[in-house]
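Remarks on the overall topology
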Amino acid sequence: MKKFLALALAIFMVFALVGCSGETTTEGGGETTTEVANNEKPLVWFNRQPSNSTTGELDMEALSFNDNTYYVGFDANQGAELQGQMVLDYINNNIDGLDRNGDGIIGYVLAIGDIGHNDSIARTRGVRSALGTAVEGENGIVSDAVGTNTDGSSTVVKDGSITVGDTTYIVRELASQEMKNSSGATWDAPTAGNAISTWSASMGDQIDLVVSNNDGMGMAMFNGWSKAEGVPTFGYDANADAVAAIAEGYGGTISQHADVQAYLTLRLVRNALDGVDINTGISTADDAGNTLSEDVYYYDEASRSYYALNVAVTGENYEDFLDSTVPYAPVSNQLDATAHPTKNVWLDIYNSSDNFLSATYQPLLQKYDDLLNLNVEYIGGDGQNESNIVNRLGNPSQYDAFCINMVKTDNAASYTALLNQ
Ligand code: BGC
Ligand code: CA
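Definitions and limits used
- Residues numbered from 1 in each chain as written.
- Chains lettered and ligands numbered in written order.
- Predicted model: local features only at pLDDT ≥ 70, side-chain atom pairs only at ≥ 80, totals over all residues.
- Heavy atoms only, no water.
- Donors = N, O, S within 2.8 Å, 3.2 Å for Na, K, Ca; no water.
- Helix = DSSP H or I, 4+ residues; strand = E, 2+ residues; numbered from the N terminus.
- Buried < 20%, exposed > 50% of the residue type's maximum accessible area, 1.4 Å probe, protein only.
- Phe/Tyr/Trp six-rings, centres within 6.5 Å; stacked < 30°, edge-to-face > 60°.
- Lys NZ or Arg CZ within 6 Å of the ring centre and 35° of its normal.
- 1 Å grid on protein atoms, 1.4 Å probe; cavity = no way out; pocket = protein on both sides within 12 Å on 5 of 7 lines; lining within 4 Å.
- Points joined across faces, edges and corners; volume = space filled by probe spheres on them.
- Nonpolar A, V, L, I, M, F, W, Y, C, P; charged D, E, K, R; others polar.
- Domains from an automatic or database assignment.
- Polar contact = N/O pair within 3.5 Å; in protein donor to acceptor, adjacent residues only side chain to side chain.
- Core = buried A, V, L, I, M, F, W, Y, C linked by side-chain atoms within 4.5 Å.
- Contact = heavy atoms within 4.5 Å.
- Buried area = accessible area lost by both parts, 1.4 Å probe.
- Salt bridge = Lys/Arg side-chain N within 4 Å of Asp/Glu carboxyl O.

**Topic: the coordination of the calcium ion (ligand 2)**
Within the first shell, the calcium ion (ligand 2) binds the protein through Asp-99 (OD), Asn-101 (OD1), Asp-103 (OD), Ile-105 (O) and Asp-208 (OD), at distances of 2.3 to 3.1 Å. We note that the donor set of the calcium ion (ligand 2) lies within a single chain, spaced as D-x1-N-x1-D-x1-I-x102-D. Highlighted residues: Ile-105 in strand β3 (residues 105–112) and Asp-208 in strand β9 (residues 207–212), separated in sequence by 103 residues. Each member of the pair, Ile-105 as well as Asp-208, carries the same accessibility label: buried.

**A look at the packing of aromatic side chains**
Taken as a whole and assessed by the stated rule, the structure comprises 14 aromatic pairs. Between Phe-356 and Tyr-361 the ring centres are 5.8 Å apart and the planes differ by 80°, which places this aromatic pair in the edge-to-face class. The class of Phe-356 is buried, set by a relative accessible area of 3%. The ring of Tyr-350 has Arg-48 sitting right over it, with the charged end atom 3.7 Å from the ring centre. The ring of Tyr-70 has Arg-304 sitting right over it, with the charged end atom 4.7 Å from the ring centre.

**Structural notes on empty space enclosed by the protein**
Under the definition given, this model contains 2 cavities of 30 Å³ or more. Estimates place the volume of the largest cavity at around 100 Å³. Taken together, 13 residues line the largest cavity, and the ones lying closest to its centre are Asn-47, His-117, Trp-187, Asp-354 and Phe-356. If you list the elements that add at least two residues to the lining of the largest cavity, you get α4 (118–131) and α9 (355–371). Broken down by class, the residue content of the lining of the largest cavity amounts to 4 nonpolar, 4 polar and 5 charged. Both domain 1 (27–75 + 257–419) and domain 2 (95–231) contribute no fewer than three residues apiece to the lining of the largest cavity. Put simply, the second largest cavity is a space of about 30 Å³. Along the walls of the second largest cavity sit Asp-103, Ile-105, Gly-107, Thr-150, Arg-172, Leu-174 and Gln-206, which together make up its complete lining.

**Comments concerning the environment of Ser-197**
Mapped onto the secondary structure, Ser-197 falls in helix α5 (residues 189–203). With relative accessibility at 42%, the residue Ser-197 sits in the partly exposed group. Along the backbone, Ser-197 and Gly-224 are 27 residues apart, and their C-alpha atoms lie at a distance of 7.4 Å. From its side chain, Ser-197 meets the backbone oxygen of Gly-193 in a polar contact 3.1 Å long.

**Observations regarding the nonpolar core**
Counting 103 residues, the largest nonpolar core has Trp-45, Leu-292 and Tyr-368 as the members making the most contacts within it. The greatest single-element share of this core, amounting to 10 residues, is contributed by helix α8 (residues 258–274). The residues that make up this core include at least three from each of domain 1 (27–75 + 257–419) and domain 2 (95–231). Residues contacting Tyr-368, with those up to four places away along its chain left out, are Asp-259, Ala-262, Tyr-263, Leu-266, Pro-327, Tyr-328 and Val-331. Met-219, Phe-222, Ala-242 and Val-313 belong to the second largest nonpolar core, which has 10 residues in total.

**Describing the side chain of Asn-271**
You can see Asn-271 is positioned in helix α8. Asn-271 gets classed as buried once you look at its relative accessible area, which sits at 0%. Within the structure, the side chain of Asn-271 is placed 2.8 Å from the backbone oxygen of Thr-280, a separation counted as a polar contact. Beyond its immediate sequence surroundings of up to four residues, Asn-271 is in contact with Val-276, Asp-277, Ile-278, Asn-279, Thr-280 and Ile-282.

**Concerning the domain arrangement of the chain**
Each domain of the chain was delimited in the assignment, giving domain 1 (27–75 + 257–419) and domain 2 (95–231). Each of domain 1 and domain 2 was reduced to a C-alpha centroid, and the two centroids are 32 Å apart. In this complex, domain 1 contributes 13 residues to the contact, which on the side of domain 2 involves 15 residues. It is Arg-48, Phe-74 and Gln-384 that lose the most area in domain 1 upon contact with domain 2, and together they represent 37% of the buried surface on that side. In this assembly, domain 1 and domain 2 are joined by 1 salt bridge.

**Notes on the environment of Gly-394**
Within the secondary structure layout, Gly-394 lies in the loop between α10 (386–390) and β17 (401–404). Its relative accessible area of 66% is what places Gly-394 among the exposed residues. Through-space distance from the C-alpha of Gly-394 to that of Leu-418 is 8.2 Å; in sequence the pair is 24 residues apart.

Pasting the structure below:
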């Protein structure tokens, strides 16, 4: 009897301890709890990594705001290398007639998204390294825009060279520009459309290739000029319209595995709110069988960042990428609503007219939020003013978690300040 009592007491104590051990157990009810302080709620930064837009240095204060803070993006360098290689392969495999004016120079123009965004910087560098036009500066390869460089005299880039068969060609970045509109929105597709009109009017058949930091701008240039001219155009993101355009002469694009990123963005929140191991349904299977394999993502502890891996999408494989909004099959199983009750999440998209985020990323998030039982409020910004978004986080106590896409990567503190109040 004594033994039984002792055992019962021991069991009782274990349960009592479990009950007290974490903030997480107070959250089980399926309703927003008021007990958790806003600055202790899960926070996932995505697509724009908190960092200094001049030096690229990570903002570790924002990235480690609390124990459940992470960044979700993709491996910018691996993707940039793939993009550069894709363009180089294209030149090697399609050299006949590529030099449109026969002057021995393969000329390209480059659309830059945002000179202060690390994804944009990496892509500019990747293309320049692959084509031999990169110049080393104090902080690595220079990623500034050249403006125009038809005579090859720029100091921001240099002329590269490429030998195919027994002919050696010069490779020249004829022009590049940050595609920022007059109100300040970056990665701006209409601005890229205007730029290609200006460039083609003055350079005409000097332009043999068009390269862009993303598909939004790439497609604006393709539709505005290069499609009709038969000039191969390369982008990034594998948006559905760009993938479809490969059949019509778009040169290729890179998938940043948005299907994996959108999953990770919401999955980390789900796990933190469930109080389970953060890698549940990621490196280890969850109770519904969702799991990611190591060939599609990795986690970097030092930057508290999950990075998806990129895949090149070209004429050879584009048919597999035509719909960019399908959840990734290995992580598309519905979670049980009893074990994973509905939670409220505040999530913003920095610019509701950004092609990639609005046409690819958000539709994916909207599918995963159902699968993960998350009630997500989507806020769309104007791409110009942080205040436009921050103003709509007036009452953080209404939400269980936050997923943030900043206008400018330097501005994390405008959000965390609200959570600290
Ligand atoms: C995407 C761009 C997008 C940008 C927004 C990048 O990762 O490739 O298309 O405009 O993120 O932050
Ligand atoms: Ca030429």
